[in-house]
Amino acid sequence: MPAKPVVTRIAPSPTGSMHIGTARTALFNWLYARHTGGKYLLRIEDTDRERSTEANVQIILDGLDWLGLNPDEPPVSQYARIDRHREAVQQLLDTGHAYRCFMTVEEVAVEREIARAEGRAIRSVWRDRDAGAGSNDPYVVRFKGPLDGETIVEDLIKGPVVFGNKELDDLVLLRTNGDPTYNLAVVVDDHDMGVTHVIRGDDHLNNAARQSLIFQALGWELPAFGHLPLIHGPDGAKLSKRHGAQAVGEFADMGYLPEGMRNYLARLGWGHGDDEVFSDEQAIAWFDVKDVVKAPARLDWAKLNHINNQHLRKADDDRLAALTHTALQGQGQQLSADVEARLRRVVGLVKEGAGTIQELAGLCLFAVRQRPLTLDEKTIGLLGAETRERLARLRTRLAEEADWSPENLAAALKSFAENEGVGMGKFGPALRGVLSGGAVAPDLASALAALGSDEGLGRMDDALCSAQ
RNA sequence: GGUCCCUUCGUCUAUCGGUUAGGACGCUAGAUUUUCAUUCUAGAAAGGGGAGUUCGAUUCUCCCAGGGACUGCCA
């Protein structure tokens, strides 16, 4: 069967910030398109003129760009296609698949209440009436759905989902003001854009039945549907602000790497055996919509941090240093050129302990500090006369080292301890405090190497002189 | 209220009628380490409940319960 090339799309609505669930939907569409060698498109669903804003469109564009999920073709504005939508409605009207409904919003509200009480779908009295041509009263155009039989949505993820047609109401296609509604626009656009696979959130599963009916009424071929379960918060409730974050931009600000996000999001609702940490290439090779899990998944920060940490380890240190620099600037830190160089050296030494760039910045803080450091209580307590003298000897010893590589420094520290006839424990903690001021820092040799000889020895001098 | 979806360790998942139900995160305990972290080892931890099909159900069917979505001239 020579299947036609796959075309997927992500169709966010610019009525708010970009939800992390939207990001995952985009990822799955992208993965599937890449996996099949097809195309991945973007359509901005901006038919709601009241709530759609340019700023929100930009947020979506930026979010996708950050995630590395840019579409293969320029984004399509749904609203810009309004004439085409009206044309489709006219076709539906002409073929008897739609009708003008003159019910007022008040009348509809009443009917809705009655229909609900009777446990049936809402119907308009205008459905079978000759819509008085020439009337100047405002009207909407409703879809004239079948009253019996059933509509089956062959979902790629859920399997066949059966809907009784009598349960499906005659949804509005064209508003009183002549603007098309979402359900109509989606069908027309997906058809015109050649979308073969509609992969979207679970919340649209019910719509899929109505849209299928519209596709058929228009005489168009149905795309394949795949409805993704939603992402919930850690407590199982719908993901919202109180869970820490829901917008893509917030994850970026917290210091997650796009590749880490992609990896984690892919694992949320999809898996490939025991594989946990993988590359985009692997995900593309392995991904298939039919393997998506049916149940909703909860966002787990600990695991996100772990996955992100794995990608942080693989990331290039120059890139990490730049990101960390930006994070530190965000905290109000201004770094001089030599401090920047120090940052570049330290980033690779401490990244194993960081889940995010923000955490990485915290781990680098010891190196970024300006001399003279303010020592913490604990360190001051450790600096007894004996330790001071020992550190002074160590300072002299280290000053003789030309090679400030972690390896060589580690050897130097070890031989120094041996010469002194003591264990590292006798001066290690104090040296650590002197070098870091009490902040977290990597092992002594690495910390020294990252600081560099001038800064390292300088910090020792500061501590040894100041309190004397 | 109605329609639809979902239900394996705390969490994310594997299993596609026969397994000691596997892995990962997190957690606990050890080891290593100058602290923290890292690393290593070990451990606790699961099929919502009830029928049925079957020689045999986590896996298939049905019922119930719980959770969720939709039910807009929002998308």
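Residues numbered from 1 in each chain as written. Chains lettered and ligands numbered in written order. Predicted model: local features only at pLDDT ≥ 70, side-chain atom pairs only at ≥ 80, totals over all residues. Heavy atoms only, no water.

1. Brief notes about the protein's contact with RNA strand B
Here is step 1: Around RNA strand B, the surrounding shell holds 55 residues, and the nearest of these are Arg-175, Thr-176, Gly-269, Glu-352 and Arg-432.
Here is step 2: Sugar plus phosphate: this is where 67% of the atoms of RNA strand B within 4 Å of the protein reside.
Here is step 3: Between RNA strand B and the protein, one listed contact pairs a phosphate oxygen with a side-chain N or O atom of Thr-47 at 2.7 Å.
Here is step 4: Taking Leu-444, its main chain carries an N or O atom lying 2.7 Å from a base oxygen of RNA strand B.
Here is step 5: Mapped by element, the contributors of at least two residues to the surface near RNA strand B are α4 (105-117), β7 (159-164), α6 (205-218), β12 (297-298), α10 (301-314) and α17 (428-436). (Near = heavy atom within 4 Å. Polar contact = N/O pair within 3.5 Å; in protein donor to acceptor, adjacent residues only side chain to side chain. Helix = DSSP H or I, 4+ residues; strand = E, 2+ residues; numbered from the N terminus.)

2. A look at unusual backbone geometry
Here is step 1: Backbone torsion omega between Arg-371 and Pro-372 reads -10°, so that peptide bond is classified as cis.
Here is step 2: Its place among the elements puts Pro-372 in the loop between α13 (357-368) and α14 (377-382).

3. Quick word on the pattern of salt bridges
Here is step 1: Across all of its chains, the model carries 38 salt bridges by this definition.
Here is step 2: We note a salt bridge from Arg-123 to Asp-170, for which the minimum N-O separation is 3.0 Å. Taken as a pair, Arg-123 in the loop between α4 and β5 (140-143) and Asp-170 in the loop between β7 and β8 (172-174) lie far apart in primary sequence, 47 residues in all. Accessibility assignment for this pair places Arg-123 and Asp-170 in one class, buried.
Here is step 3: Among the salt bridges present, the one from Asp-128 reaches Lys-144, with a minimum N-O distance of 3.8 Å. Here Lys-144 lies in the loop between β5 and β6 (150-155) and Asp-128 lies in the loop between α4 and β5, a separation of 16 residues in the sequence. (Salt bridge = Lys/Arg side-chain N within 4 Å of Asp/Glu carboxyl O. Buried < 20%, exposed > 50% of the residue type's maximum accessible area, 1.4 Å probe, protein only.)

4. A short note on the domain arrangement of chain A
Size of an interface: often given as the accessible area lost when the parts come together.
Here is step 1: According to the domain assignment, chain A contains domain 1 (81-228), domain 2 (248-368) and domain 3 (377-466).
Here is step 2: In this complex, domain 2 contributes nine residues to the contact, which on the side of domain 3 involves 14 residues.
Here is step 3: Surface buried jointly by domain 2 and domain 3 totals about 860 Å² across both partners, of which 66% is contributed by carbon and sulfur atoms.
Here is step 4: Between Arg-342 and Glu-455 there is a salt bridge, and its shortest N-O distance comes to 3.0 Å.
Here is step 5: The interface formed by domain 2 and domain 3 holds five residue pairs in polar contact (both at pLDDT 80 or more) in total.
Here is step 6: Where the side of domain 2 that touches domain 3 is concerned, the elements lending two or more residues are α12 (337-350) and α13.
Here is step 7: Per-element tally for the side of domain 2 that touches domain 3: the top contributor is α12, with five residues.
Here is step 8: Residue composition of the side of domain 2 that touches domain 3, by class: six nonpolar, one polar and two charged. (Domains from an automatic or database assignment. Contact = heavy atoms within 4.5 Å. Buried area = accessible area lost by both parts, 1.4 Å probe. Nonpolar A, V, L, I, M, F, W, Y, C, P; charged D, E, K, R; others polar.)

5. A look at the nonpolar core
Here is step 1: Residues Leu-391, Leu-394 and Leu-398 are the most contacted members of the largest nonpolar core, which totals 47 residues.
Here is step 2: Per-domain counts for this core show at least three residues from each of domain 2 (248-368) and domain 3 (377-466).
Here is step 3: Ignoring sequence-local partners within four residues, the contact set of Leu-391 consists of Leu-383, Phe-427, Ala-430, Leu-431, Val-434, Met-460 and Leu-464.
Here is step 4: One finds Ala-23, Ala-33, Ile-284 and Ile-307 within the second-largest nonpolar core, a separate group that totals 45 residues. (Core = buried A, V, L, I, M, F, W, Y, C linked by side-chain atoms within 4.5 Å.)

6. Some points on the sheet that holds β5
Here is step 1: Within the open sheet, the three strands sit side by side as β4-β5-β8. Their pairing is antiparallel. Bordering the open sheet on either side are β4 (98-101) and β8, each of which pairs with just one other strand. The sheet shows a mean angle of 45° between the axes of neighbouring strands, taken without regard to direction.
Here is step 2: Relative to β8, β5 is paired through two bridges, and the arrangement is antiparallel. Across the sheet, Val-141 pairs through a bridge with Leu-174, a residue of β8. (Pairing = 2+ DSSP bridges. Axes fitted to C-alpha atoms, helices over the stretch in contact; angles between N-to-C directions.)

7. Description of α10
Here is step 1: Taking 1.5 Å of rise per residue, the 14 residues of α10 would be expected to cover 20 Å, and the 20 Å separating its terminal C-alpha atoms lies within 8% of that figure.
Here is step 2: Of the surrounding secondary structure, the elements contacted by the buried residues of α10 are α7 (248-253), α8 (258-267), α11 (317-330) and α13. (Expected span 1.5 Å × (residues − 1).)

8. Some details on the packing of helix α15 (residues 385-399) against helix α16 (residues 406-420)
Here is step 1: One can describe the packing of α15 onto α16 by two numbers: an axis separation of 11 Å at closest approach and a directional angle of 135°. It follows that α15 is oblique to α16 by the angle criterion. In the packing of α15 onto α16, the handedness of the crossing is right-handed. Note on element contacts: α16 touches α15 through Leu-409, Ala-412, Leu-413, Ser-415, Phe-416 and Glu-420, opposite Arg-390, Arg-393, Leu-394, Arg-397 and Leu-398.
Here is step 2: Considering only residue class, the contact of α15 with α16 consists of six nonpolar, one polar and four charged. (Parallel < 35°, antiparallel > 145°, perpendicular 65-115°, else oblique. Left-handed = near helix turned anticlockwise from the far one by under 90°.)

9. Quick look at the confidence of the model for chain A
Here is step 1: Summarising the model, chain A shows a mean pLDDT of 91, and 97% of its residues fall at 70 or more.
Here is step 2: For chain A, the element scoring lowest by mean pLDDT is α14, at 84; strand β1 (residues 7-10) scores highest, at 98.
Here is step 3: Scored by ipTM, the complex comes to 0.94, with pTM at 0.93. (pLDDT = per-residue confidence, 0-100.)

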